[in-house]
Amino acid sequence: MEGLKGKIVLVTGGSRGIGRSIARAFAAHGSQVVLTGRTQATLESVAEEIHRLGGKALPLTCDVTHKEQVEALKDKVTSQLGPVQVLINNAGIAPAAGFLEMADNLWEEVLRVNLTGTYYCSKVFLPEMIASRWGRIINIASIVAKVAFSHTSAYTTSKHAVLGLTRALALEMARSGVTVNAICPGYVETDLTLNNAKLMAEKTGKGVEEALKLMKGSSPQQRLIAPAEVAELALMLASKSADGITGQAINIDGGAVMV
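Residues numbered from 1 in each chain as written. Predicted model: local features only at pLDDT ≥ 70, side-chain atom pairs only at ≥ 80, totals over all residues. Heavy atoms only, no water.

K.L.:
Quick question: what am I supposed to make of the pairing of strand β4 (residues 86-89) here?
P.N.:
In the case of a regular strand, side chains alternate between the two sheet surfaces. Residues V86 and I88 of β4 are buried on one face, and the alternating residues L87 and N89, pointing to the opposite face, are buried as well. The pairing of strand β1 (residues 8-12) with β4 spans three bridges and is classified as parallel. Paired with L10 across the two strands is L87, which belongs to β4. As defined by bridge partners, β4 adjoins strand β5 (residues 135-140) across four bridges and the pair is classed as parallel. Residue pairing across strands places V86 opposite R136, the latter belonging to β5. Note that the unit made of β4, helix α4 (residues 104-132) and β5 has a crossover that is right-handed. (Buried < 20%, exposed > 50% of the residue type's maximum accessible area, 1.4 Å probe, protein only. Helix = DSSP H or I, 4+ residues; strand = E, 2+ residues; numbered from the N terminus. Pairing = 2+ DSSP bridges. Right-handed = clockwise from strand over helix to strand, strands pointing away.)

K.L.:
What exactly am I supposed to notice about helix α6 (residues 191-204) here?
P.N.:
Along an α-helix, residues three or four apart share an orientation, since each turn contains 3.6 residues. An ideal rise of 1.5 Å per residue puts 20 Å on 14 residues; α6 measures up with 20 Å between its terminal C-alpha atoms. Where α6 is concerned, the buried positions are T193, A197 and A201. The buried residues of α6 occupy an angular sector of 85° when the element is viewed end-on, so they sit on one face. Facing away from the buried side of α6 by over 90 degrees, the exposed positions are D191, E202 and K203. Taken from the residues just after α6, G205 is the one with a positive phi, measuring 80°. (Expected span 1.5 Å × (residues − 1). Arc of directions from axis to C-beta.)

K.L.:
Looking at this structure, I do not really get the side chain of S142. What am I missing?
P.N.:
The residue S142 is located in the loop between β5 and α5 (153-172) in this model. Of note is the side chain of S142, whose polar atom sits 3.1 Å from the backbone nitrogen of V144. Other than its neighbours up to four places away in sequence, S142 contacts Y155, K159, I183, C184 and P185. (Polar contact = N/O pair within 3.5 Å; in protein donor to acceptor, adjacent residues only side chain to side chain. Contact = heavy atoms within 4.5 Å.)

K.L.:
Teacher, can you tell me more about the packing of aromatic side chains here?
P.N.:
Under the definition given, this model contains two aromatic pairs. Pairing F149 with Y187 gives two aromatic rings, centres 6.2 Å apart and planes at 20°, and the pair type is stacked. With a gap of 38 residues between them, F149 in the loop between β5 and α5 and Y187 in the loop between β6 (178-185) and α6 connect regions that are remote in the sequence. We classify F149 as partly exposed; its relative accessible area is 33%. Given a relative accessible area of 27%, Y187 falls into the partly exposed group. Above the face of the W134 ring, K7 is positioned so that its terminal group lies 4.7 Å from the ring centre. (Phe/Tyr/Trp six-rings, centres within 6.5 Å; stacked < 30°, edge-to-face > 60°. Lys NZ or Arg CZ within 6 Å of the ring centre and 35° of its normal.)

K.L.:
Teacher, can you tell me more about the packing of α4 against α5 here?
P.N.:
Axis angle and axis distance: for two packed helices, these are the angle between their axes and the distance between the axes, and together they describe the pair. In contact at an axis separation of 7 Å, α4 and α5 are set at 20° when each is read in the N-to-C sense. The orientation of α4 with respect to α5, classified from their angle, is roughly parallel. By crossing handedness, the relation of α4 to α5 is classed as right-handed. In this structure, α4 uses W107, V110, L111, N114, L115, T118, Y119, S122 and L126 to contact α5, whose residues at the interface are S153, A154, Y155, T157, S158, K159, A161, V162, L165 and L169. Its residues placed into classes, the contact of α4 with α5 shows 12 nonpolar, six polar and one charged. (Axes fitted to C-alpha atoms, helices over the stretch in contact; angles between N-to-C directions. Parallel < 35°, antiparallel > 145°, perpendicular 65-115°, else oblique. Left-handed = near helix turned anticlockwise from the far one by under 90°. Nonpolar A, V, L, I, M, F, W, Y, C, P; charged D, E, K, R; others polar.)

Structural data, given as C-alpha coordinates:
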(Lines give C-alpha, C1' and ligand atoms only; values in the text may rest on other atoms or scores of the structure.)
Protein backbone atom coordinates (compact mmCIF):
# COMPACT_ATOMS: atom_id res chain seq x y z
CA MET A 1 0.00 0.00 0.00
CA GLU A 2 2.65 2.46 -1.12
CA GLY A 3 2.08 6.18 -0.63
CA LEU A 4 -0.56 6.21 2.11
CA LYS A 5 1.59 7.44 4.98
CA GLY A 6 0.79 11.04 5.85
CA LYS A 7 -2.08 11.29 3.36
CA ILE A 8 -5.12 13.24 4.57
CA VAL A 9 -8.11 10.94 4.22
CA LEU A 10 -11.74 11.95 4.78
CA VAL A 11 -14.24 9.17 5.53
CA THR A 12 -17.91 10.13 5.54
CA GLY A 13 -20.18 7.92 7.62
CA GLY A 14 -17.05 7.05 9.55
CA SER A 15 -18.53 6.15 12.91
CA ARG A 16 -19.70 2.59 12.25
CA GLY A 17 -19.67 -0.39 9.91
CA ILE A 18 -17.72 -0.05 6.67
CA GLY A 19 -16.72 3.55 7.38
CA ARG A 20 -15.24 2.69 10.77
CA SER A 21 -13.28 -0.19 9.27
CA ILE A 22 -11.94 1.97 6.44
CA ALA A 23 -10.90 4.71 8.87
CA ARG A 24 -9.03 2.23 11.07
CA ALA A 25 -7.28 0.70 8.07
CA PHE A 26 -6.01 4.01 6.68
CA ALA A 27 -4.86 5.11 10.14
CA ALA A 28 -2.96 1.84 10.54
CA HIS A 29 -1.09 2.69 7.33
CA GLY A 30 -0.05 6.09 8.65
CA SER A 31 -2.70 8.28 7.05
CA GLN A 32 -4.23 11.24 8.86
CA VAL A 33 -7.90 10.30 9.01
CA VAL A 34 -10.82 12.69 9.30
CA LEU A 35 -14.01 11.01 10.48
CA THR A 36 -17.29 12.69 9.74
CA GLY A 37 -20.92 11.88 10.43
CA ARG A 38 -23.88 13.34 12.27
CA THR A 39 -23.14 12.23 15.84
CA GLN A 40 -20.08 13.61 17.61
CA ALA A 41 -20.05 11.00 20.39
CA THR A 42 -19.81 8.02 18.03
CA LEU A 43 -17.16 9.76 15.93
CA GLU A 44 -15.10 10.45 19.03
CA SER A 45 -15.41 6.82 20.07
CA VAL A 46 -13.87 5.64 16.79
CA ALA A 47 -11.20 8.36 16.97
CA GLU A 48 -10.25 7.13 20.45
CA GLU A 49 -9.96 3.56 19.12
CA ILE A 50 -7.60 4.79 16.42
CA HIS A 51 -5.55 6.84 18.87
CA ARG A 52 -5.17 3.84 21.20
CA LEU A 53 -3.78 1.89 18.24
CA GLY A 54 -1.25 4.62 17.55
CA GLY A 55 -3.02 6.27 14.63
CA LYS A 56 -4.22 9.79 13.92
CA ALA A 57 -7.90 10.69 13.62
CA LEU A 58 -9.88 13.91 13.72
CA PRO A 59 -13.64 13.57 14.45
CA LEU A 60 -15.80 16.34 12.94
CA THR A 61 -19.58 16.36 12.59
CA CYS A 62 -21.15 17.10 9.22
CA ASP A 63 -24.45 16.34 7.52
CA VAL A 64 -23.38 15.70 3.93
CA THR A 65 -26.86 16.55 2.63
CA HIS A 66 -26.19 20.23 3.40
CA LYS A 67 -23.57 21.80 1.15
CA GLU A 68 -22.83 24.61 3.57
CA GLN A 69 -21.88 22.03 6.22
CA VAL A 70 -19.60 20.25 3.75
CA GLU A 71 -17.93 23.56 2.91
CA ALA A 72 -17.49 24.32 6.63
CA LEU A 73 -15.98 20.85 7.07
CA LYS A 74 -13.50 21.56 4.30
CA ASP A 75 -12.43 24.80 6.01
CA LYS A 76 -11.90 23.02 9.33
CA VAL A 77 -9.89 20.17 7.81
CA THR A 78 -7.77 22.48 5.68
CA SER A 79 -6.96 24.77 8.61
CA GLN A 80 -6.07 21.90 10.97
CA LEU A 81 -4.42 19.38 8.64
CA GLY A 82 -4.33 20.60 5.05
CA PRO A 83 -6.24 19.71 1.86
CA VAL A 84 -8.05 16.38 1.71
CA GLN A 85 -6.21 14.03 -0.65
CA VAL A 86 -8.37 10.90 -0.39
CA LEU A 87 -12.16 11.19 -0.17
CA ILE A 88 -14.16 8.12 0.83
CA ASN A 89 -17.86 8.79 0.15
CA ASN A 90 -19.29 6.17 2.47
CA ALA A 91 -22.27 7.89 4.16
CA GLY A 92 -25.45 6.12 3.17
CA ILE A 93 -28.78 4.70 4.25
CA ALA A 94 -30.57 1.60 2.99
CA PRO A 95 -34.18 1.39 4.18
CA ALA A 96 -36.29 -1.39 2.72
CA ALA A 97 -39.78 -0.55 1.47
CA GLY A 98 -42.14 -1.70 -1.24
CA PHE A 99 -42.47 0.84 -4.04
CA LEU A 100 -46.18 1.60 -3.63
CA GLU A 101 -46.02 1.67 0.18
CA MET A 102 -42.89 3.85 0.32
CA ALA A 103 -43.44 7.39 1.60
CA ASP A 104 -42.25 10.09 -0.78
CA ASN A 105 -40.08 11.64 1.93
CA LEU A 106 -38.22 8.31 2.32
CA TRP A 107 -37.40 8.32 -1.41
CA GLU A 108 -36.15 11.90 -1.11
CA GLU A 109 -34.05 11.18 1.98
CA VAL A 110 -32.31 8.18 0.41
CA LEU A 111 -31.40 10.19 -2.69
CA ARG A 112 -30.21 13.14 -0.58
CA VAL A 113 -27.91 11.04 1.58
CA ASN A 114 -26.62 8.48 -0.91
CA LEU A 115 -26.40 10.56 -4.08
CA THR A 116 -26.51 14.27 -3.28
CA GLY A 117 -24.17 13.81 -0.30
CA THR A 118 -21.65 12.11 -2.59
CA TYR A 119 -22.09 14.92 -5.12
CA TYR A 120 -21.58 17.70 -2.56
CA CYS A 121 -18.48 16.12 -1.02
CA SER A 122 -16.90 15.43 -4.40
CA LYS A 123 -17.63 18.95 -5.63
CA VAL A 124 -16.26 20.64 -2.51
CA PHE A 125 -13.07 18.58 -2.06
CA LEU A 126 -12.15 17.92 -5.70
CA PRO A 127 -10.72 21.37 -6.63
CA GLU A 128 -7.81 21.05 -4.18
CA MET A 129 -7.00 17.58 -5.55
CA ILE A 130 -6.91 19.00 -9.07
CA ALA A 131 -4.69 21.85 -7.92
CA SER A 132 -2.16 19.42 -6.44
CA ARG A 133 -2.37 17.10 -9.48
CA TRP A 134 -3.16 14.09 -7.26
CA GLY A 135 -6.20 12.73 -5.51
CA ARG A 136 -8.49 9.79 -4.94
CA ILE A 137 -12.28 9.70 -4.76
CA ILE A 138 -13.65 6.33 -3.69
CA ASN A 139 -17.42 5.95 -3.64
CA ILE A 140 -18.88 3.13 -1.56
CA ALA A 141 -21.69 1.96 -3.80
CA SER A 142 -23.24 -1.54 -3.69
CA ILE A 143 -23.93 -4.46 -5.97
CA VAL A 144 -27.36 -2.86 -6.40
CA ALA A 145 -25.53 -0.22 -8.43
CA LYS A 146 -25.53 -2.95 -11.10
CA VAL A 147 -28.54 -5.14 -10.32
CA ALA A 148 -31.79 -4.67 -8.41
CA PHE A 149 -33.38 -6.33 -5.40
CA SER A 150 -37.04 -6.18 -4.47
CA HIS A 151 -38.15 -3.57 -1.91
CA THR A 152 -35.05 -1.43 -2.52
CA SER A 153 -36.20 0.92 -5.29
CA ALA A 154 -34.88 4.09 -3.63
CA TYR A 155 -31.60 2.50 -2.57
CA THR A 156 -31.07 0.80 -5.92
CA THR A 157 -31.81 4.01 -7.81
CA SER A 158 -29.42 6.01 -5.64
CA LYS A 159 -26.57 3.53 -6.08
CA HIS A 160 -27.10 3.25 -9.84
CA ALA A 161 -26.78 7.03 -9.89
CA VAL A 162 -23.62 6.98 -7.76
CA LEU A 163 -22.09 4.60 -10.27
CA GLY A 164 -23.04 6.91 -13.13
CA LEU A 165 -21.49 9.86 -11.30
CA THR A 166 -18.34 7.81 -10.66
CA ARG A 167 -17.86 7.01 -14.32
CA ALA A 168 -18.66 10.49 -15.63
CA LEU A 169 -16.36 12.16 -13.10
CA ALA A 170 -13.57 9.67 -13.82
CA LEU A 171 -13.68 10.67 -17.50
CA GLU A 172 -13.53 14.37 -16.66
CA MET A 173 -10.62 13.81 -14.26
CA ALA A 174 -8.69 11.36 -16.44
CA ARG A 175 -5.78 13.75 -17.13
CA SER A 176 -5.86 15.59 -13.82
CA GLY A 177 -4.03 13.09 -11.60
CA VAL A 178 -7.28 12.32 -9.75
CA THR A 179 -8.87 8.87 -9.96
CA VAL A 180 -12.52 8.15 -9.23
CA ASN A 181 -13.71 4.63 -8.47
CA ALA A 182 -16.56 2.80 -6.79
CA ILE A 183 -16.55 -0.20 -4.49
CA CYS A 184 -19.65 -2.39 -4.77
CA PRO A 185 -20.09 -4.61 -1.71
CA GLY A 186 -22.68 -7.32 -1.38
CA TYR A 187 -24.15 -8.08 2.03
CA VAL A 188 -21.59 -6.93 4.60
CA GLU A 189 -21.43 -8.07 8.21
CA THR A 190 -22.60 -4.81 9.80
CA ASP A 191 -25.36 -3.56 12.08
CA LEU A 192 -27.19 -2.33 8.97
CA THR A 193 -27.32 -5.84 7.54
CA LEU A 194 -28.44 -7.25 10.89
CA ASN A 195 -31.22 -4.65 11.11
CA ASN A 196 -32.36 -5.51 7.58
CA ALA A 197 -32.37 -9.19 8.55
CA LYS A 198 -34.59 -8.35 11.52
CA LEU A 199 -36.98 -6.45 9.24
CA MET A 200 -37.05 -9.36 6.83
CA ALA A 201 -37.78 -11.72 9.69
CA GLU A 202 -40.67 -9.55 10.88
CA LYS A 203 -42.23 -9.32 7.44
CA THR A 204 -41.82 -12.98 6.49
CA GLY A 205 -42.29 -14.64 9.87
CA LYS A 206 -38.85 -16.24 9.61
CA GLY A 207 -36.21 -16.12 12.33
CA VAL A 208 -33.34 -13.62 12.16
CA GLU A 209 -30.80 -16.41 11.65
CA GLU A 210 -32.85 -17.77 8.77
CA ALA A 211 -33.00 -14.28 7.23
CA LEU A 212 -29.22 -13.96 7.57
CA LYS A 213 -28.84 -17.39 5.98
CA LEU A 214 -30.83 -16.18 2.97
CA MET A 215 -28.52 -13.16 2.67
CA LYS A 216 -25.45 -15.38 2.86
CA GLY A 217 -27.02 -17.67 0.28
CA SER A 218 -27.07 -14.87 -2.29
CA SER A 219 -23.29 -15.34 -2.56
CA PRO A 220 -21.68 -18.43 -4.10
CA GLN A 221 -19.26 -18.30 -1.16
CA GLN A 222 -22.27 -18.60 1.18
CA ARG A 223 -21.09 -15.87 3.54
CA LEU A 224 -21.27 -12.19 4.40
CA ILE A 225 -18.40 -9.90 3.49
CA ALA A 226 -16.30 -8.59 6.39
CA PRO A 227 -15.99 -4.77 6.62
CA ALA A 228 -12.20 -5.21 6.71
CA GLU A 229 -12.32 -6.71 3.21
CA VAL A 230 -13.95 -3.55 1.88
CA ALA A 231 -11.34 -1.49 3.73
CA GLU A 232 -8.47 -3.40 2.13
CA LEU A 233 -9.89 -2.70 -1.32
CA ALA A 234 -10.18 1.00 -0.47
CA LEU A 235 -6.52 1.01 0.62
CA MET A 236 -5.49 -0.51 -2.69
CA LEU A 237 -7.46 2.02 -4.73
CA ALA A 238 -5.88 4.88 -2.78
CA SER A 239 -2.35 3.55 -3.14
CA LYS A 240 0.31 4.44 -5.68
CA SER A 241 -0.17 1.08 -7.39
CA ALA A 242 -3.71 2.11 -8.44
CA ASP A 243 -2.65 5.13 -10.51
CA GLY A 244 -4.07 3.50 -13.64
CA ILE A 245 -7.38 2.39 -12.11
CA THR A 246 -10.21 4.87 -12.64
CA GLY A 247 -13.88 4.76 -13.57
CA GLN A 248 -14.17 1.25 -12.18
CA ALA A 249 -16.88 -0.35 -10.04
CA ILE A 250 -15.28 -3.25 -8.23
CA ASN A 251 -17.54 -5.89 -6.72
CA ILE A 252 -16.70 -7.46 -3.38
CA ASP A 253 -19.58 -9.86 -2.88
CA GLY A 254 -18.30 -13.43 -2.92
CA GLY A 255 -19.23 -13.81 -6.59
CA ALA A 256 -22.90 -12.83 -6.25
CA VAL A 257 -22.78 -10.43 -9.21
CA MET A 258 -20.36 -11.01 -12.07
CA VAL A 259 -20.76 -7.83 -14.11
